[in-house]
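# Inside the fold
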Amino acid sequence: MAMISLWRPLAAIALSSTLITTALADDQLVSDGDTGLHPAHDTPLPDGHIPANQNYGFNVVGRDTLGGISDGLYTDVWAKDGYAYIGTFQEPDCTRAGVYISDIRDPANPVTVGMIKSPPQTRINDVKVTEIDGRDVLIHSLEPCGPTLGNGLAVGGGNGGHQQGQMGVSLWDVTDPSRPHPLKQNFLDFPVHNVFPWTTAEGKTYMLVVDDVAVDDLKIVDISKPQSPKLINETGIGTWLATNPEIADDGQLFMGSFAAPLLHDVWVNDMDPGPGENWQAVLSYWDAGFITLDINNPANPVFLADSTYPETDPVYDTSPPEGNAHAAVFAGPNFDKIFGGDEDFDSLFTAVTVAGEDYRANQGSDVPQIGGAVDEVSGQTAYVGRACGGSLPAAADVGATIAVIERGDCAFATKAQTVQAAGYEAGVVFNSAAEGNCEATVSMLVEGDIPMLFVPRSTGYAILGIDGYDPEACPGGMNPALPTPDSLGLVATLGAAFDGWGYFHALNNVRSTMTVPRGMGEDAESVEVDYLGEIGYYAPAEVTDPALASGAGDLTMHNLEVDPTNPDRTFISWYSLGMRAVEWRPGHLHGNTKGEGVVSWNMHEVGRFIAGEEYGEAEGSNFWGIHVTEIDGEQYILGSDRNTGLWIFQWSCEDVNDVLYCNGPVTP
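Remember, predicted model here, so these are calculated numbers, not experimental data.

## Description of the overall build of the protein chain
Assigned secondary structure in the protein chain consists of 6 helices and 42 strands. Across the 668 residues that make up the protein chain, the buried fraction comes to 62%.

Shown next as structure tokens:
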């Protein structure tokens, strides 16, 4: 593809307004398309690659359907001492499903032995289990998922608002997994998306906590006494932008369809697991990239560095790059690498153009996609209020084509169906003035037959042609009033360009320049890469195919873990593209020009699994979580499928003479 500049630069958005958001990309996921099935297509076998519709490497050992097949329910997975713990997302219904506990001591016959219900109106996303003072302790996150109170909805009205449900983290004693009992419930007073615990040589246990709301979004907690945890440090992007301005110097704080440098995921390793200790963390910041910390003194963490995405995306050849750093782990011999990935559910870079300016937008899930089923929509806009059912004046009578809608009061699907019934060809929802909303963006779960976009509140005002809106004054400040419903705004164009799905990156984790090859043979060259610079990438060919921009499921990667038996190998849960295994292979360079099924540099695929028709109603994968564990001396890979529960795999791909050459390269 030729390099393209997707859209003109957007007006600057105040950092504080953009960071204070509970609308994480995971919070309102797009749906899985019509079937969630892997699009099968045969390819030849150049360079040891196999047909794109063939599974290899991952061998299914056992399955546990947990609470039964449930669309989009299951999330992260962790394991300890022969028991697996699986979280739940609970969107959009906000049920009381919480943490499922599966006995996997017989991997071929796992059995659900318990379930910890979430508090009412609360979801549990992340689960970790660690040993503290002889006890197995389960830690899980808590995020509200109930209806919003306030923003004019509560008694007395007002602009404030908060979502019903509980926040923080809860800790449980699961020494007997079949009889968990609480140690500390609802610790911390903010919604938490991810956590990571570690124990030092002196026996102190700490935990990194992702704060969904605050600008300083990293909290460090002492959980050595899990019944009485103590918050010992608060830091994050807000602090580091003041102390380490290089984070912002690359101009990549606000990129892509979900433009915000919020903290999403955390990982901790002892970089010197011998007699000494050297504890470091890698933090995945949406869009600031990957940040490393020295946490040897948890009460005083030290910022080390942050990564910068290549100015031109090496897979999609677009500029600027997308961002969306989602999850990362330390990898390689002596942890000389970081393996990480981006989570990008919106394969189309979408914008609303008014008065010659382009404003970024997110597309809804189960609606016609602009740039896919619909090329673009242009026409007169009109404000229609919150569009929560009932009859609206016909679009033809108003003289408008595009409905502009305020978030609040009802589900996105209700808004879509309301404006569709009134004859509008598309809808644009702008965020409400509730605390934490304003300039935030979300990926709407919405069903309808017309395109639906979501934009920040400031963009809604711009589309309506209202001057004087100040993002810093939302919520609670003085901003112009919205017009009465059916008032006309400006003429707008809703357009999109394909910019692909999230994929895998390898980074230099040596605190000096690393020399890596690019290509093999007579065409090979050497590349010098600085600390946290990109030294490799991997993307299945499907993520680069504009024909698969919609309708084939979520093709972005999600979580990953390194293989303890080979630190240069990682296993990845890749939503609708199933489970993947890739290895560091210096020199490999693939652009899918020979139909090899991948676009990669210095990384080589060595395993793939997507459930086929032999699995009946479980056909077609949607893997969220992944965890590597050991049972009776054997290694297993656990995958949590959002729809079908827990899968247990073993990986095997060792014949160097096989066409797969999983144990080493045979040809370039």
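## A word on the pattern of salt bridges
Side chains that differ in charge, positive against negative, can pair when their charged atoms come close. If you walk through the whole model with that rule in mind, you get 20 salt bridges. We note a salt bridge from Asp 211 to Lys 219, for which the minimum N-O separation is 2.8 Å. As far as the burial class goes, Asp 211 and Lys 219 line up, both buried. Between Glu 605 and Arg 580 there is a salt bridge, with its nearest N and O atoms 3.0 Å apart. Of the two residues, Glu 605 sits in strand β39 (residues 598-609) while Arg 580 sits in strand β38 (residues 579-591), which places them 25 residues apart along the sequence. This pair shows no difference in class: Glu 605 is buried, exactly as Arg 580 is.

## Observations concerning the side chain of Asp 64
Residue position: Asp 64 is located in strand β2 (residues 58-64). Here Asp 64 sits buried without a salt bridge, and the closest side chain of opposite charge, Arg 63, lies 8.6 Å off (N-O distance). Reaching out from Asp 64, the side chain makes a polar contact with the side chain of Ser 102 at a distance of 2.7 Å. Apart from the residues lying within four places of it in its own chain, the contact partners of Asp 64 are Ser 102, Pro 110, Val 111, Thr 112, Thr 644, Gly 645 and Leu 646.

## As for the confidence of the model for the protein chain
Averaged over every residue, the pLDDT of the protein chain is 86; residues scoring 70 or more account for 87%. A low-confidence stretch, residues 151-160 stays under pLDDT 50, and its non-local contacts, those more than four residues away or across chains, total 19 contacts. Counting contacts from residues 664-668, a segment whose pLDDT is below 50, to residues more than four positions away or on other chains yields 13 contacts.

## Details of the nonpolar core
Membership of the largest hydrophobic core comes to 89 residues, with the highest contact counts inside it found for Leu 283, Phe 339 and Phe 504. Ranked by the residues each element gives to this core, the list is headed by strand β23 (residues 325-331), at 6 residues. The next biggest cluster of nonpolar side chains, apart from the first, holds 23 residues, and it includes Val 352, Ile 402, Leu 453 and Tyr 461.

## Description of the environment of Pro 229
Residue position: Pro 229 is located in the loop between β16 (218-222) and β17 (230-235). Considered as a pair, Pro 229 and Tyr 206 are 23 residues apart in the sequence and their alpha carbons are 9.1 Å apart. In contact with Pro 229, other than residues within four places in its own chain, are Leu 171, Lys 184, Phe 187, Val 221, Asp 222 and Ile 223.

## Looking at the packing of aromatic side chains
Aromatic ring pairs are defined here through the distance separating the ring centres and the angle between the ring planes. Under the counting rule described, the total for this entry stands at 30 aromatic pairs. On the numbers, 6.3 Å between centres and 55° between planes, the contact of Trp 78 with Trp 267 is tilted. Of the two residues, Trp 78 is situated in strand β3 (residues 74-80) and Trp 267 in strand β18 (residues 262-270); the sequence distance between them amounts to 189 residues. Under the relative-accessibility criterion, Trp 267 is labelled buried at 15%. Ring geometry for Phe 609 versus Trp 647: centroids 5.5 Å apart, planes at 55°, classification tilted. Linking Phe 609 in strand β39 with Trp 647 in strand β42 (residues 645-651), this pair joins segments that are 38 residues apart in sequence. Since its relative accessible area comes to 3%, Phe 609 is described here as buried.

## Topic: the pairing of strand β36 (residues 560-563)
Here β36 runs beside strand β37 (residues 566-573); their pairing, made up of 4 bridges, is antiparallel. Paired with Val 562 across the two strands is Thr 570, which belongs to β37.

## A look at unusual backbone geometry
Residues Trp 286 and Asp 287 are joined by a peptide bond in cis, for which omega reads 15°. Turning to its location among the elements, Asp 287 is positioned in the loop between β19 (279-286) and β20 (289-294). A cis geometry characterises the amide bond from Cys 474 onward to Pro 475, with omega recorded as 0°. Position of Pro 475 among the secondary structure elements: in the loop between α6 (457-463) and β31 (487-498). Positive phi, close to 55°, is recorded for Asp 317, a residue that is not glycine. Here Asp 317 is to be found in the loop between β21 (302-306) and β22 (318-319). Since its relative accessible area comes to 26%, Asp 317 is described here as partly exposed. Of note in the backbone geometry, Asn 324 takes a positive phi value of approximately 70° without being a glycine. Relative to the elements of secondary structure, Asn 324 occurs in the loop between β22 and β23.

## Side note on the pairing of β42
Burial of β42 is extensive: 6 of the 7 residues sit out of reach of the surface. Looking at chain direction, β2 and β42 are connected through 6 bridges and run antiparallel. Paired with Gly 62 across the two strands is Ile 648, which belongs to β42. Strand direction decides the pairing type here: strand β41 (residues 634-641) and β42, joined by 5 bridges, are antiparallel. When the sheet's bridge partners are listed, Gly 639 is paired in β42 with Trp 647. Counted along the chain from β41 to the antiparallel partner β42, the turn is 3 residues long.

## A look at the sheet that holds β2
Strand order in this open sheet of 4 strands is β2-β42-β41-β40, and the pairing throughout is antiparallel. Each having just a single partner strand, β2 and β40 (623-631) make up the two edges of the open sheet. When strand polarity is set aside, the average angle formed by the axes of neighbouring strands in this sheet is 30°. By the bridge criterion, 8 bridges tie β40 to β41 in an arrangement that is antiparallel. Considered in β41, the bridge of His 627 is made with Leu 638.

## Brief notes about the state of the cysteines
Counted according to the given criterion, the structure contains 3 disulfides. A sulfur-sulfur separation of 1.9 Å characterises the disulfide bridge that pairs Cys 94 with Cys 145. Handedness here is read from the sign of the S-S torsion; for Cys 94 and Cys 145, about 80°, the answer is right-handed. Remark: Cys 145 occurs in the loop between β9 (135-144) and β10 (148-150) and Cys 94 occurs in the loop between β4 (83-88) and β5 (99-103); sequence separation between them is 51 residues. In terms of burial, Cys 94 and Cys 145 fall into one category: buried. Between the sulfur atoms of Cys 438 and its disulfide partner Cys 474 the distance amounts to 2.1 Å. Taking the sign of the S-S torsion, about -75° here, the bridge from Cys 438 to Cys 474 comes out left-handed. Remark: Cys 474 occurs in the loop between α6 and β31 and Cys 438 occurs in the loop between β29 (426-430) and β30 (452-455); sequence separation between them is 36 residues. Using a relative accessible area of 10% as the deciding quantity, one classes Cys 474 as buried.

Cut-offs and rules
- Residues numbered from 1 in each chain as written.
- Predicted model: local features only at pLDDT ≥ 70, side-chain atom pairs only at ≥ 80, totals over all residues.
- Heavy atoms only, no water.
- Helix = DSSP H or I, 4+ residues; strand = E, 2+ residues; numbered from the N terminus.
- Buried < 20%, exposed > 50% of the residue type's maximum accessible area, 1.4 Å probe, protein only.
- Salt bridge = Lys/Arg side-chain N within 4 Å of Asp/Glu carboxyl O.
- Lys, Arg positive; Asp, Glu negative; His and termini not counted.
- Polar contact = N/O pair within 3.5 Å; in protein donor to acceptor, adjacent residues only side chain to side chain.
- Contact = heavy atoms within 4.5 Å.
- pLDDT = per-residue confidence, 0-100.
- Core = buried A, V, L, I, M, F, W, Y, C linked by side-chain atoms within 4.5 Å.
- Phe/Tyr/Trp six-rings, centres within 6.5 Å; stacked < 30°, edge-to-face > 60°.
- Pairing = 2+ DSSP bridges.
- Axes fitted to C-alpha atoms, helices over the stretch in contact; angles between N-to-C directions.
- Disulfide = S-S within 2.5 Å.

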